[in-house]
Amino acid sequence: MTTTTETPVRLIASARSWIEGEAVRQLYAAAKLEGVRHAIGFPDLHPGKGGPVGAAFVTEDVIHPLLVGGDIGCGMALWRTDLLRHKAKLDRWATLPFDLEEPWEGNTRECLASASLLTTQFAQAFGTLGGGNHFAELQAVEKVTDPAAFSSLGLEKDELVLLVHSGSRGLGQSVLETYIEEHGGAGVDATSSAATRYLLCQDHAVRWAEASRALLAQRFLKTLGATGERIWDGCHNSITRASPSPLRGERAGVRGENGFDYHSEQGSLWLHRKGAAPSDRGPLVIPGSRGTFSYLVQACGDGASHAWSLAHGAGRKWTRSDSRARVRERFRPAQLVQTGLGGRVVCGDRSLLYEEAPPAYKNIEQVIEDLLDAGLITVIATLRPLLTYKTRTERH
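Residues numbered from 1 in each chain as written. Predicted model: local features only at pLDDT ≥ 70, side-chain atom pairs only at ≥ 80, totals over all residues. Heavy atoms only, no water.

On to the nonpolar core, then. Counting 55 residues, the largest nonpolar core has Leu296 and Leu371 as the members making the most contacts within it. For this core, the element with the most residues is strand β18 (residues 377–391), which contributes five residues. The next biggest cluster of nonpolar side chains, apart from the first, holds 27 residues, and it includes Leu96, Ala217, Leu221 and Val346. (Core = buried A, V, L, I, M, F, W, Y, C linked by side-chain atoms within 4.5 Å. Buried < 20%, exposed > 50% of the residue type's maximum accessible area, 1.4 Å probe, protein only. Helix = DSSP H or I, 4+ residues; strand = E, 2+ residues; numbered from the N terminus.)

This is the structure in structure tokens:
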């Protein structure tokens, strides 16, 4: 639906989607911030800190770091591997010492320098997974819907793929905290020195997170005795200039299909994403929970009408505290480490196991259906989770 107020707000979700009232309230509240020109919510919309998750905002002449939050650069990367589905050994693989929560034993300083990144106090966290909804997941290709698009990515149906979801760890949070100490929760003029400082630090955190995901994938595959090649990486928490699309020639000065006029003769336009995947960087993965399918999709449509963004996943249905209470009553831990799709889950933290259980998330099929009905995607392939790694360490 599209609702017109002083700032146009669009919620891309059907009546069948689970959308909390608080998430919608946050979307409208964000739309009223200084300089916000458009606010877009996706089917995975849910409440967050400082603003809703599963949303994108276009602003003029102002940036709002609080809308992005502290996990700057958080995103996902998809890797093709040389592992074959018919040779998968899930029970044995689930016992391997991936240890992605532990510091990497390699030369971090050299690795950072090779990616033109600074060595900071967060260097030990580089190449580590982190908690929350972050994961490394080995997936099998369940169904190919668009063979031509699938082949163009260099994928083979029997080859397993690896999806890594992680962010900038404490680095991004420190960038946000520094900004808040100086400016509180308010936005700042995009041409100001404050904006320049923030954006430089943010861009570093975004690149740090992308390089960290690459290292995570290499660590995971090395433990399996496998190799891989990255075919996609998408950041879903960042502020960037609204710029021409590299795929479809879209630009900030066009009118979208739903009447969203992004033309700005004098000001600069900025795209804020919080839990929103970029739709202008080629095919992307929209994952479900660890017990449901993920979808490899191609964005379509004009781009401007949905702020060059898409849903980044299923989206949470329950808060973490609710999940712990509800799931603990219904499931034993042993029931959660093997999914209904036959996948294995490695998670030594019992609380996290409850918090990230499949029932805590929305129906990914409904999310995909809403995006299809809105004309925003086509599905290339469906991916089945085989081995999901969270952590072997109990939370303290």
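Positive phi, normally seen in glycine, also occurs at serine 116, with a value near 60 degrees. One can find serine 116 in the loop between α4 (108–114) and β7 (135–144). Of note, alanine 307 is a non-glycine position whose phi angle comes to about 55 degrees, a positive value.

To continue, consider the pairing of strand β17 (residues 344–347). On β17, burial covers both faces: Arg344 and Val346 on one face and Val345 and Cys347 on the other are all buried. Pairing of β17 with β18 involves four bridges; the strand directions are parallel. Bridging across to β18, arginine 344 finds its partner in leucine 387. (Pairing = 2+ DSSP bridges.)

This part is about the packing of helix α6 (residues 170–183) against helix α7 (residues 193–224). Working note: a packed helix pair is described by the angle between its axes plus the distance between those axes. The interhelical angle for the contact between α6 and α7, taken along N-to-C directions, is 170 degrees, at an axis separation of 9 Å. Between α6 and α7, the angle falls in the class roughly antiparallel. Here α6 contributes Leu171, Gly172, Val175, Tyr179, Glu182 and His183 to the contact with α7, which in turn contributes Ala194, Arg197, Tyr198, Cys201, Gln202, His204, Ala205 and Trp208. A per-class count over the contact of α6 with α7 returns eight nonpolar, four polar and two charged. (Axes fitted to C-alpha atoms, helices over the stretch in contact; angles between N-to-C directions. Parallel < 35°, antiparallel > 145°, perpendicular 65-115°, else oblique. Contact = heavy atoms within 4.5 Å. Nonpolar A, V, L, I, M, F, W, Y, C, P; charged D, E, K, R; others polar.)

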